[in-house]
Amino acid sequence: MKRLPQCLPALLLVLLLLFNFNAWAGDIFVAANGSDVNDGSKQKPLATINAALRKAREWRRLNDAAIAGGINIIVGGGVYNLYEPVFIRPEDAGTNESPTYIQAASNEIPILSGGFKINNWQKLHKKIAGLPLNAQGKVWVADVPLTAGRLSEFRQLWVNDTKAIRAKSMNGDLMDRILSWDKKEQTCWIPAQKTLSLQNVSGMEMFIHQWWAIAILRIKKMEVQGDSTKLFFQQPESKIQSEHPWPAPWLSKETGNSAFCLTNALQFLDEPGEWYLDMANHKIYYWPGVNENLLTATVVAPSLETLVKIEGTIDNPVTHIYFTGISFQHTGWLRPSQQGHVPHQAGMYMTEAYKLKPAGTADKKTLDNQAWIGRPAAAVEINFADKINFENCRFLHLASTGLDYNKAVHDNLVKGNLFKDIGGTAILAGIYSDAATEIHLPYNPKDEREVCDKITISNNLITDVTNEDWSCVGIGLGYTKNSLVANNEIENVAYSGISMGWGWSPIANAMKNNTIIKNSIHHYGKHNYDCSGIYTLSAQPNSFITQNYIDSIYKAPYAHLPSHWFYIYTDEGSSYFTVKDNWTASQKYLQNANGPGNVWSNNGPDVNAAVKQNAGLENEYQFLQKEKTAKLNHLAINKEHHEVIELVVKENETLDVQKLKIVLFKNNIDTAAIYQWQNHYVIFAKVQDIGIMQGRLQNNFPNTEIKVYHDMFYEFNRKYCDDKNVAKAWDHILLTCNLVADKKMQEEYLNYHATQFEKWPEVAKGFCNASFQQLLIYKNGRQLVLVISIPKGESLDKLNPKTVENNPRVDEWNKIMSKYQEGIEGTKKGETWIFLKPL
């Protein structure tokens, strides 16, 4: 028998050491086809991240050599259906020398999903009581599977990664208007739902738009009386909705009452893309959209509200956990189904709220309300944790908040991620108010570790978020310090882009040293106004808003005040901010009840174009651009324009014009912008906040009728002309008349103007020939105000005849329009348009 060379044992020892080093390199593999009884090697991967975390936890407990240099939990592509959240505890914490990386395998996309598939769809052939006639033969049905032995309740459904629509009373984007609200009785009157019998429907809800928020109210019962229906609501939301003063249901003859729709009834399933969950019979009904085949479609409903929960303690935080390349998908949120949902602001729902009588608290003598709030669920929730990073991850198809850094979180990074199709806010950071703390009390804890400190949010694309709770925002920062929000792109949101601050107070609090820089914010305010690209609250010493690009606010169809939107809005108590070098389409800003120390400089459309070019995603993250969704919308974009306010004094009385000019001067409004006819005084100017201005005018002239013309329904400008050059200075000519009383004829008049540029292009051509710079028509009730802007120094008598030169269609147009118009009160017989003379 030959002897082995003496050197061979040493060689084998080296090979064994090398083999063991590779095995101990800190890699734990997870695969969709793995098993949690495996060892977590590449050849034998685990099946769940929870099992991988346990293995890593044991390595750390035993101080295994594998932890040197960090632990890599490498997750393969595929869908990981969770039956409970991944819970990361202090025992899972990494260290600066040995972090824990939870990362996607190379070129793969692992999906942590809180959803389950609904299969075995069949076309519904039999008649179902309540299903609309137009849906018969078009709706499909499936059994709802049990999860953990229980029937799943859910409020969201995704078909081939597109969110389907929970059946509602109005089709498309249309909404109805409430008739009235009785706060004492806690009821609401709405128009009766014609042809529908809804009194015995259970589980129905009301979705109502109110100021800067919405509310979701479970309907307890309905009483139909003629053409109206009285709604009663379940508790606790009924009490909160009727007792809180801000925001409340909007009631206005000028702009219309609060918009609403009813949801969650089989009777509403009347168009493609809608679905209804029949909890009593364990069935789900769906009307497929165009090109959807339910025999092959992937249909997913959520069963979890939270996918990942990271939580330590104040003295033992979770640290050094880094996520890379993971996709978080399919979460639900059931609180609206269980307790209703009445948000105060930024999606924070009220648990108690009421009006103070008399007003005033120890901290704030004029405060007229109290409120306590809760925080919505999030797909990823983080508390008492440091250095928890998310890079190149995807947050998709989520019902509520995407990523939430709440309490005692420090040195965290959110970079290069996609946030898309999210019902609430994409990213939240910092405490807003604890459940036991009234929202107007400044938060400044004795233990400063509670405060969110040094979070960096950069180079994320945030698109199509806030698509269920319209009161939410793109990025929301509560009480934070040393925060940096940089180079994000935010688009297609229902309300504000970035909201920073809480408390409505200039009193010192935990916030300071926060910076919002180089963000691109556009296509916001899709549904709710009282909004802005960037919004702030309360004192935040040494904080900066700089070099941001803000543009393209949507023309929200149901805004309570159509002009109450802004590019930058420093709200109540905002103090010690520096706001400079921001590119915005105009200087439409609001500084409402600000505190001291704010500095504004060099903001607006004349800021260096480089600011616009450098804002948003940096080059390394431009690949995210393909996920943008704003281009899929065809909504009009709003822009700042002059407002029209009319003061009507009693007949044969005059207005104190000098006093009016003083009021205008104090509110930074052009004092030369006053026009008069008899007892009618009209202001035509840019107004920072028309709602506040209306109130100030009423306070100064209590016996005068103050009318705001919110509805600018027609605009001609030089973009419709071959010669698009615009005169440097203009004169404005103002006229007014009434529409005839016949409502059908009023609608015809408005429709004519809505289609004029397409069907009557000769009219615009006439305006071009006459050198009109713009022509605007405003409406309040039946009364119209027409504004014709011409080059300064020109005469309307000279220019107007040019509108009809070689253009008989303009004469034809004018003849048609004349039958819809009549003079206002006080005009002579036969007079229609009367001129308002400048004062």
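Fair warning: this is a prediction, and the values are worked out from it, not measured in the lab.

Asker: Which residues make up the overall build of the chain, and what are the values?
Answerer: A count of helical and extended segments in the chain gives twelve helices and 65 strands. For 839 residues, the compact-globule estimate of 2.2 N^0.38 gives 28 Å, and the C-alpha radius of gyration of the chain, at 31 Å, lies within 12% of that figure. Its C-alpha atoms put the chain at 130 × 65 × 60 Å along the principal axes. The 839 residues of the chain split such that 57% are buried. Counting every atom, the chain has about 36,900 Å² of accessible surface; 50% of that belongs to carbon and sulfur.

Asker: Now, about the pattern of salt bridges: what can you tell me, with residues and values included?
Answerer: Charged atoms that come close allow side chains of opposite charge to pair. Using the criterion set out here, one finds 31 salt bridges in the structure. A salt bridge links Lys707 to Glu646; its shortest N-O distance comes to 3.6 Å. Remark: Glu646 occurs in strand β56 (residues 643-648) and Lys707 occurs in strand β59 (residues 705-708); sequence separation between them is 61 residues. Across the pair, Glu646 and Lys707 agree in class, each one buried. Connected through shared salt-bridge partners, Arg155, Arg166 and Glu205 make up one network.

Asker: Now, about the sheet that holds strand β40 (residues 475-477): what can you tell me, with residues and values included?
Answerer: Read across the open sheet, the ten strands follow the order β4-β25-β31-β34-β37-β40-β44-β47-β50-β53; overall the sheet is parallel. With partners counted over all chains shown, the strands left at the sheet margins are β4 (86-88) and β53 (589-591), one partner each. Each strand of the sheet is rotated relative to its neighbour by a mean of 15 degrees, with strand direction disregarded. As paired elements, β4 and strand β25 (residues 308-311) share three bridges and run parallel to each other. Across the sheet, Phe87 pairs through a bridge with Lys309, a residue of β25.

Asker: Describe the pairing of strand β5 (residues 100-104), naming the residues involved and giving the relevant values.
Answerer: Of the two faces of β5, the one holding Thr100, Ile102 and Ala104 is buried and the one holding Tyr101 and Gln103 is not buried anywhere. In this structure, strand β2 (residues 71-75) lies alongside β5, joined through five bridges in parallel fashion. By the bridge assignment for β5, Ile71 is matched with Thr100. As paired elements, β5 and strand β26 (residues 318-324) share four bridges and run parallel to each other. Residue pairing across strands places Tyr101 opposite Tyr322, the latter belonging to β26.

Asker: So what's going on with the packing of aromatic side chains? Which residues, and what values?
Answerer: A full pass over the atoms with the stated rule returns 37 aromatic pairs. Ring centres of Trp211 and Trp212 lie 5.7 Å apart, and the angle between their planes is 90 degrees; this geometry places the pair in the edge-to-face category. Ring centres of Tyr432 and Trp502 lie 5.0 Å apart, and the angle between their planes is 75 degrees; on these two criteria the pair is classed as edge-to-face. Within this pair, whereas Tyr432 is found in the loop between β37 (427-429) and β38 (452-458), its partner Trp502 is found in the loop between β44 (498-500) and β45 (515-517), the two being separated by 70 residues in sequence. Judged by relative accessible area, which is 2%, Tyr432 ranks as buried.

Asker: So what about the nonpolar core? Which residues, and what values?
Answerer: Within the largest apolar cluster, 83 residues are counted, with the highest numbers of intra-cluster contacts made by Phe323, Phe328 and Phe390. Sort the elements by how many residues they give to this core and helix α2 (residues 49-61) lands first, with six residues. Formed by 55 residues, the second largest nonpolar core is a distinct cluster that contains Val139, Val141, Ile208 and Ala353.

Asker: Tell me about the state of the cysteines, and please be specific about residues and values.
Answerer: Across all of its chains, the model carries one disulfide by this definition. Put simply, Cys721 and Cys768 are joined by a disulfide, and their sulfur atoms are 2.0 Å apart. Measuring handedness by torsion sign, the sulfur bridge of Cys721 and Cys768 sits at about -90 degrees and is left-handed. Of the two residues, Cys721 sits in the loop between β60 (711-717) and β61 (730-739) while Cys768 sits in helix α10 (residues 761-769), which places them 47 residues apart along the sequence. The same class applies to Cys721 and to Cys768, which are both buried. Between Cys188, a free cysteine, and Cys261, which holds the nearest cysteine sulfur, the sulfur-to-sulfur gap is 13 Å. By relative accessible area, which is 0% here, Cys188 ends up buried. For Cys393, which is in no disulfide, the shortest distance to another cysteine sulfur is to Cys452 and amounts to 18 Å. On the accessibility criterion, Cys393 (1% relative accessible area) is buried.

So, how was this worked out
- Residues numbered from 1 in each chain as written.
- Predicted model: local features only at pLDDT ≥ 70, side-chain atom pairs only at ≥ 80, totals over all residues.
- Heavy atoms only, no water.
- Helix = DSSP H or I, 4+ residues; strand = E, 2+ residues; numbered from the N terminus.
- Rg over C-alpha atoms; globule rule 2.2 N^0.38 Å.
- Buried < 20%, exposed > 50% of the residue type's maximum accessible area, 1.4 Å probe, protein only.
- Areas by Shrake-Rupley, 256 points an atom, 1.4 Å probe, with all protein chains shown as cover.
- Salt bridge = Lys/Arg side-chain N within 4 Å of Asp/Glu carboxyl O.
- Pairing = 2+ DSSP bridges.
- Axes fitted to C-alpha atoms, helices over the stretch in contact; angles between N-to-C directions.
- Phe/Tyr/Trp six-rings, centres within 6.5 Å; stacked < 30°, edge-to-face > 60°.
- Core = buried A, V, L, I, M, F, W, Y, C linked by side-chain atoms within 4.5 Å.
- Disulfide = S-S within 2.5 Å.

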